[in-house]
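Structure at a glance
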Amino acid sequence: MSPLSSRRHSKLLLQILLGLTPFLILGLILVGIFRWGEIMPFMVSLFVPDGFSYLSVALLGLSVGTIVVLISLGLIIKTNTELPQSGGAEMIKKS
């Protein structure tokens, strides 16, 4: 990746981060207001449903991730998509 392209990507990533940070802070403030005293159990319940164990949630995440990768790989192979010329693409092609 050229230095100019890398700088452009870093600037875009910083803009996205700064644009989304107020929403994260506002969300945490609202959770604090409406769920005071039970913030941690509420935050955990957002990611781990009550009816599932941590192991089943981890296995579900792995299986969904595997399905997404297989579908993406299948689409890339079927449509003959090629990576653009860059240092990262060269590293992927070598491995």
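Note that the coordinates shown come from a computational prediction; the quantities given were computed from them, not determined experimentally.

Re the overall build of the protein chain
The helix and strand tally for the protein chain stands at four helices and zero strands. Put simply, the protein chain runs from its N terminus to its C terminus through helices and strands in the order α-α-α-α. Dimensions of the protein chain, computed from the C-alpha atoms along their principal axes, are close to 55 × 35 × 20 Å. Here the protein chain, with 95 residues, has 4% of them falling under the buried criterion. For the protein chain, the accessible surface area stands at approximately 8,500 Å², while carbon and sulfur atoms represent 75% of it. Each charge class in the protein chain can be summarised by its mean position, and for the 7 positive and 4 negative side chains these summaries are 15 Å apart.

Quick word on helix H3 (residues 54-78)
For an α-helix, the turn length of 3.6 residues means that residues three or four places apart are oriented alike. For H3, spanning 25 residues, the distance from its first C-alpha to its last is 36 Å, which sits close to the expected 36 Å at 1.5 Å a residue. Within two residues after H3, Asn80 carries a phi angle of roughly 55°, on the positive side.

A short note on a nonpolar patch on the surface
A cluster of nonpolar side chains, Ile25, Leu26, Ile29, Leu30, Ile33 and Phe34, forms an exposed patch at the surface whose accessible area comes to about 620 Å². Considering the arrangement of structural elements, one finds Ile25 in helix H1 (residues 3-34). Taking relative accessible area as the criterion, Ile25 reaches 45% and is therefore assigned partly exposed.

Some words on the environment of Leu73
By secondary structure assignment, the location of Leu73 is in helix H3. For Leu73, a relative accessible area of 45% gives the class partly exposed. Separated by 62 residues in sequence, Leu73 and Lys11 place their C-alpha atoms 29 Å apart.

Section: the confidence of the model for the protein chain
Scored by pLDDT, the protein chain has a mean of 80; 91% of the residues are at 70 or more. For the protein chain, helix H4 (residues 87-94) is the element with the lowest average pLDDT, namely 71, and H3 is the one with the highest, namely 88.

Each value, and the rule that gives it
Residues numbered from 1 in each chain as written. Predicted model: local features only at pLDDT ≥ 70, side-chain atom pairs only at ≥ 80, totals over all residues. Heavy atoms only, no water. Helix = DSSP H or I, 4+ residues; strand = E, 2+ residues; numbered from the N terminus. Buried < 20%, exposed > 50% of the residue type's maximum accessible area, 1.4 Å probe, protein only. Areas by Shrake-Rupley, 256 points an atom, 1.4 Å probe, with all protein chains shown as cover. Lys, Arg positive; Asp, Glu negative; His and termini not counted. Charge placed at Lys NZ, Arg CZ, Asp CG, Glu CD. Expected span 1.5 Å × (residues − 1). Patch = residues over 30% accessible without salt bridge, like charges linked within 9 Å, V, L, I, M, F, W, Y side chains within 5 Å. Salt bridge = Lys/Arg side-chain N within 4 Å of Asp/Glu carboxyl O. pLDDT = per-residue confidence, 0-100.

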